[in-house]
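Fold and contact review
Spelled out, the chains give:
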Amino acid sequence: MMNVIFVKDYDEMSEKAAEEISKVLTSKKDAILGLATGSTPVGMYEKLAEKYKKGELDFSQVKSVNLDEYVGLPEDHDQSYRYFMNYNLFDKVNIDKKNTHVPNGNAPDMEKEAKDYENLIDSLGGADIQVLGIGGNGHVGFNEPDDELNLFTSVVKLREETIKDNSRFFKSIHDVPKHAISMGMASILKSKKILLLASGKNKAKVIGELLNKNCVTTKNPSTFVRLHSDVTIIIDEEAAKHVKR
Ligand code: GLP
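This report concerns the structure included in the present document. What you see is a predicted model, and the numbers here were worked out from it, not measured in a lab.

Quick notes on the rules
Residues numbered from 1 in each chain as written. Predicted model: local features only at pLDDT ≥ 70, side-chain atom pairs only at ≥ 80, totals over all residues. Heavy atoms only, no water. Helix = DSSP H or I, 4+ residues; strand = E, 2+ residues; numbered from the N terminus. Contact = heavy atoms within 4.5 Å. Polar contact = N/O pair within 3.5 Å; in protein donor to acceptor, adjacent residues only side chain to side chain. Pairing = 2+ DSSP bridges. Axes fitted to C-alpha atoms, helices over the stretch in contact; angles between N-to-C directions. Core = buried A, V, L, I, M, F, W, Y, C linked by side-chain atoms within 4.5 Å. Buried < 20%, exposed > 50% of the residue type's maximum accessible area, 1.4 Å probe, protein only. Near = heavy atom within 4 Å. Areas by Shrake-Rupley, 256 points an atom, 1.4 Å probe, with all protein chains shown as cover. Nonpolar A, V, L, I, M, F, W, Y, C, P; charged D, E, K, R; others polar. Expected span 1.5 Å × (residues − 1). Arc of directions from axis to C-beta. Right-handed = clockwise from strand over helix to strand, strands pointing away.

By the element assignment, Asn-94 lies in the loop between α3 (81–88) and β5 (100–101). Separated by 62 residues in sequence, Asn-94 and Val-156 have C-alpha atoms that sit 33 Å apart. Those residues in contact with Asn-94 that sit more than four places away from it in its chain are Tyr-52, Asp-58, Phe-59 and Ser-60. A polar contact of 2.8 Å, which involves the side chain of Asn-94, links it to the side chain of Asp-58. A distance of 2.8 Å separates the side chain of Asn-94 from the backbone nitrogen of Phe-59, its partner in a polar contact.

Have a look at this one:
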């Protein structure tokens, strides 16, 4: 089932997204959360931390797997995804850091790291819910539009437009890593539920492609979520601008 929730703005998107995660956590105390980075889920993490503070959520038995990580950034670099997750969520709730997994972008053997990460996802039995943002070019995780998409966790080369998009977070465009390690499309689709979030006009084109047509295309990797049987998509007015209703 594909459930599309149209909301007004970023704040409402974040609120609804936090509710979806809360539903999973209250029905399963030891849930496996598939988590994402980028600016899109920041508000959702804030709301989850608030709910935790109010005593509404308990993360003590929760485990997490993140989608991706840059290759070659030190863990404590403020743009590494490990740093992002600690800062935006893990340090604010009672999750055991040992139970949180982000691919290691500094492993001595990155191919082995990718295989081990995929095995880890399998050993956890897949995520109960996987949060996804979406790149302006339709990428999910770091699965960039191309003729072929990876099935499983792999080391990937970032496209110029992604490096440009993400350069806003770095001192200069030259500081943006050229490679990343990312779950593949099959790794993502192993999750029991998918929660895709999009906000802002930069996402309108790819969201239009995703929702207006009944097909998938490697030119817009986000379309592959259409192959999943339990998808919730939360989009705000600006991101929904091209969606035919
Ligand atoms: C990054 C991440 C993606 C994320 C995307 C969108 O490249 N690897 O997982 O969805 O950017 O970022 P934002 O949410 O900041 O628009």
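So, on to the sheet that holds strand β6 (residues 129–132). Ordered in space as β1-β10-β9-β6-β2-β3-β5, the seven strands form an open sheet in which the pairing is parallel. Whereas interior strands pair on both sides, the edge strands pair on one side only; in this sheet they are β1 (2–7) and β5. Where strand β3 (residues 63–66) meets β5, two bridges bridge the pair, whose relative direction is parallel. Bridge pairing links Val-65 to His-101 in β5. Contacts from helix α7 (residues 204–212) reach β1, β9 (194–198) and β10 (231–236), with the element oriented near 140° to β10.

Here we come to the nonpolar core. Ile-21, Met-44, Leu-48, Phe-59, Ile-207 and Ile-235 are the most contacted members of the largest nonpolar core, which totals 69 residues. Looking at this core element by element, the count peaks at six residues for helix α1 (residues 10–27). When sequence neighbours within four positions are dropped, the list of residues in contact with Met-44 reads Ser-14, Ala-17, Ala-18, Ile-21, Val-131 and Leu-197.

Okay, the site of the ligand next. Close to the ligand lie 13 residues; Ser-39, Thr-40, Asp-68, Phe-142 and Lys-203 are nearest. Arg-168 places a side-chain nitrogen or oxygen 3.1 Å from an oxygen atom of the ligand. One nitrogen or oxygen atom from the side chain of Lys-203 is found 2.6 Å from an oxygen atom belonging to the ligand. For the ligand, whose free accessible area comes to 390 Å², the fraction covered by protein is 95%. When its residues are assigned to classes, the shell around the ligand shows three nonpolar, seven polar and three charged.

Right, let's get into the sheet that holds strand β7 (residues 154–157). Taken together, the three strands give an open sheet; going across it, the order is β4-β8-β7, and neighbouring strands pair in antiparallel fashion. The outermost strands of the open sheet, each flanked by one partner alone, are β4 (68–70) and β7. In this sheet, adjacent strand axes meet at a mean angle of 25° when their direction is disregarded. One ladder, built from three bridges, connects β4 with strand β8 (residues 179–182); its direction is antiparallel. Its bridge partner being in β8, Tyr-70 is matched across the sheet by Ala-180.

This next bit is on helix α4 (residues 110–124). With 15 residues, α4 should cover 21 Å at 1.5 Å per step; its first-to-last C-alpha distance of 21 Å lies within 8% of that length. Regarding α4, the residues found buried are Met-110, Glu-113, Ala-114, Tyr-117, Glu-118 and Ile-121. Buried residues of α4, seen end-on, are gathered within an arc of 135° and therefore sit on one face of the element. What points out from α4, more than 90 degrees from its buried face, is the exposed set Glu-111, Lys-115 and Ser-123.

By the alternation rule, side chains of strand β2 (residues 32–35) split into Ile-32 and Gly-34 and Leu-33 and Leu-35, which are all buried. Taken together, the four bridges between β2 and β3 define a ladder with parallel strand orientation. Pairing of Leu-35 across the sheet is with Asn-66, part of β3. For the handedness criterion, the β-α-β arrangement of β2, helix α2 (residues 42–53) and β3 is classed as right-handed.

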